[in-house]
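The primary structure of each chain is shown beneath.
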Amino acid sequence: DSGVTQTPKHLITATGQRVTLRCSPRSGDLSVYWYQQSLDQGLQFLIQYYNGEERAKGNILERFSAQQFPDLHSELNLSSLELGDSALYFCASSARGEKLFFGSGTQLSVL
Amino acid sequence: KNQVEQSPQSLIILEGKNCTLQCNYTVSPFSNLRWYKQDTGRGPVSLTIMTFSENTKSNGRYTATLDADTKQSSLHITASQLSDSASYICVVSAKFFGTASKLTFGTGTRLQVTL
């Protein structure tokens, strides 16, 4: 168990809809990272938060947004969903960026 | 552009055999190189982290090597077990503004260990 909790584990929704993925980092970790992994693809970095503030941005679509709350949990919001958004979404946390601890992921299926 | 390339893309070996996975990178300025193991449908789990000055690092039956001059790394798995079947991902970290780091992920080598 990595100590990073992601909910829900599975999410099935329709095109055009909006969903929220939630991540609770390891206790004490200030950094939260979001990654997207499509079928047979590598992990694509989406966005990083550090202690509530956006730290780095990757290949995140404008339809996607994220935030980190004062209790350090983070949410990734995906809107106007398309079929191509179907993927595994991982959250990771770290204390100082040296070692990432990944959650088990949320499997999103857009039908 | 920072890139991490892994080879082979996939590999099938018999249980008990050894294997070596390769990682070449063009990431600058280099901070560290990490190997992760990812079981199907699960999050990646860290195996090793190596900085510029480290040539070798072991974690049980996993041994990673780093040649910073040629920008190559390898992950050697000894006496493979069925549970080693997974994707192995090479990740290179670049120093970014001196504090935060930027990670570049390889697409992974998918290893299957069979009887």
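This text goes with the structure placed above it.
For the structure given in this document, a descriptive report is provided here. Residue numbers run consecutively from 1 along every chain, following the written order of its sequence. Each chain takes a letter, starting from A, and each ligand takes a number, starting from 1, following the order in which they are written. Only residues with pLDDT of at least 70 get local features here, since the model is predicted, and only at 80 or more are side-chain atom pairs given and counted; chain-wide, interface and lining totals rely on the full set of residues. The basis for the side-chain values is all heavy atoms of the structure; hydrogens and waters are excluded.

Residues and elements named next belong to chain A. Between any two strands, pairing holds if DSSP finds at least two bridges. Segments assigned H or I by DSSP are reported as helices when at least four residues long, segments assigned E as strands when at least two residues long, and all are numbered from the N terminus. A sheet is described by the order of its strands in space; here four strands give the open sequence 1-3-8-7, paired in antiparallel fashion. The sheet is open, and its two borders are formed by strand 1 (5-7) and strand 7 (64-68), each paired with just one other strand. Going from strand to strand, the sheet's axes swing by 15 degrees on average, the running direction of each strand aside. Pairing of strand 1 with strand 3 (residues 19-24) involves three bridges; the strand directions are antiparallel. Note that in strand 3 the partner of T5 across the bridge is S24. Note on method: axes are straight lines fitted to C-alpha atoms, helices fitted across the in-contact stretch only, with angles between N-to-C directions ranging 0 to 180 degrees.

Residues and elements named next belong to chain B. Counting 24 residues, the largest nonpolar core has Y25, L33, W35, L75, Y88 and V92 as its most contacted members. Per-element accounting of this core gives the leading share, five residues, to strand 9 (residues 86-95). Should any heavy atoms of two residues lie within 4.5 Å, those residues are counted as being in contact. When residues no more than four places from it in sequence are discounted, the contact partners of V92 are V4, Y25, V27, F30, N32, L33, K102, L103 and T104. In this text, buried Ala, Val, Leu, Ile, Met, Phe, Trp, Tyr and Cys residues form a nonpolar core when linked through side-chain atoms within 4.5 Å. With a 1.4 Å probe rolled over the protein chains alone, any residue whose accessible area is under 20% of its type maximum counts as buried; one over 50% counts as exposed, and the rest are partly exposed.

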